[in-house]
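# Coordinates in review
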Amino acid sequence: FIAALLLAAALGCAHSPPAHEIPASDLGERFELRAGESRRIAGTPAKITFERILSDNRCAIDVVCIVAGEARASFRLDAGPGRTETFTLDTDRNPTAEVGGFGVSLLSVSPAPRSTVRIDPKSYAVELMVTR
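Below you will find a few notes about this structure. (Residues numbered from 1 in each chain as written. Predicted model: local features only at pLDDT ≥ 70, side-chain atom pairs only at ≥ 80, totals over all residues. Heavy atoms only, no water.)

## Some words on the side chain of S38
Considering the arrangement of structural elements, one finds S38 in strand 3 (residues 38–41). On the basis of relative accessibility, which here comes to 17%, the residue S38 falls in the buried class. Side-chain polar atoms of S38 contact the side chain of T49, separated by 2.6 Å. In contact with S38, not counting residues within four places along its chain, are I22, P23, L33, K47, I48 and T49. (Helix = DSSP H or I, 4+ residues; strand = E, 2+ residues; numbered from the N terminus. Buried < 20%, exposed > 50% of the residue type's maximum accessible area, 1.4 Å probe, protein only. Polar contact = N/O pair within 3.5 Å; in protein donor to acceptor, adjacent residues only side chain to side chain. Contact = heavy atoms within 4.5 Å.)

Shown next as structure tokens:
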């Protein structure tokens, strides 16, 4: 009984990815990253990292604004050995960029701002799509 239990536990662990393994997304797939998180691009050596929000002057959802404003975010693309590029995207004027042979699109930034709440920089998340 104990041997069977140990074998079952070992087999269960064999199918679990290591905790430090970075998840992967396919080209053309939408995915979310929180500040400081990375995602591998499946089938390539590339990895994209959402470093941080540089500025956020989007209109708060609980007020009326004349302009929508924008959020600007910093990213890093590691496209292979010695091929690292940093770049910025924003939700208004520059939501896409060609970087390291990939097209990177910033689809959204969350959470939505409120006039009475300061957003903790660590709580930001972005939705991205990477294409070739």
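## Regarding the packing of aromatic side chains
Throughout the structure, instances matching the rule amount to two aromatic pairs. Geometrically, the ring pair formed by F50 and F75 is tilted, given 5.6 Å between the ring centres and 35° between the ring planes. Taken together, the residues F50 in strand 4 (residues 47–56) and F75 in strand 5 (residues 71–78) connect sequence positions 25 residues apart. With respect to class, F50 is no different from F75; both count as buried. Where F75 meets F87, the ring centres are 5.5 Å apart and the plane angle is 25°; that geometry is what we call stacked. On the criterion of sequence distance, the pair formed by F75 in strand 5 and F87 in strand 6 (residues 84–90) is long-range, its members being 12 residues apart. Each member of the pair F75 and F87 is classed as buried. Three or more aromatic residues link up through ring pairs in this structure, and these residues are F50, F75 and F87. (Phe/Tyr/Trp six-rings, centres within 6.5 Å; stacked < 30°, edge-to-face > 60°.)

## What to know about the pattern of salt bridges
Evaluation of the coordinates by the stated rule reveals six salt bridges. A salt bridge links R58 to D56; the shortest N-O distance between them is 2.8 Å. Looking at D56, the relative accessible area reads 26%, which means it is partly exposed. With a closest N to O distance of 3.4 Å, R76 and D78 form a salt bridge. For D78, a relative accessible area of 16% translates into the label buried. (Salt bridge = Lys/Arg side-chain N within 4 Å of Asp/Glu carboxyl O.)

## Remarks on the pairing of strand 8 (residues 102–110)
The pairing of strand 7 (residues 96–99) with strand 8 spans four bridges and is classified as antiparallel. Within strand 8, the residue paired with E98 across the bridge is G103. Hairpin connection, strand 7 to strand 8: the antiparallel pair is bridged by two residues, and G100 has positive phi, about 55°. (Pairing = 2+ DSSP bridges.)

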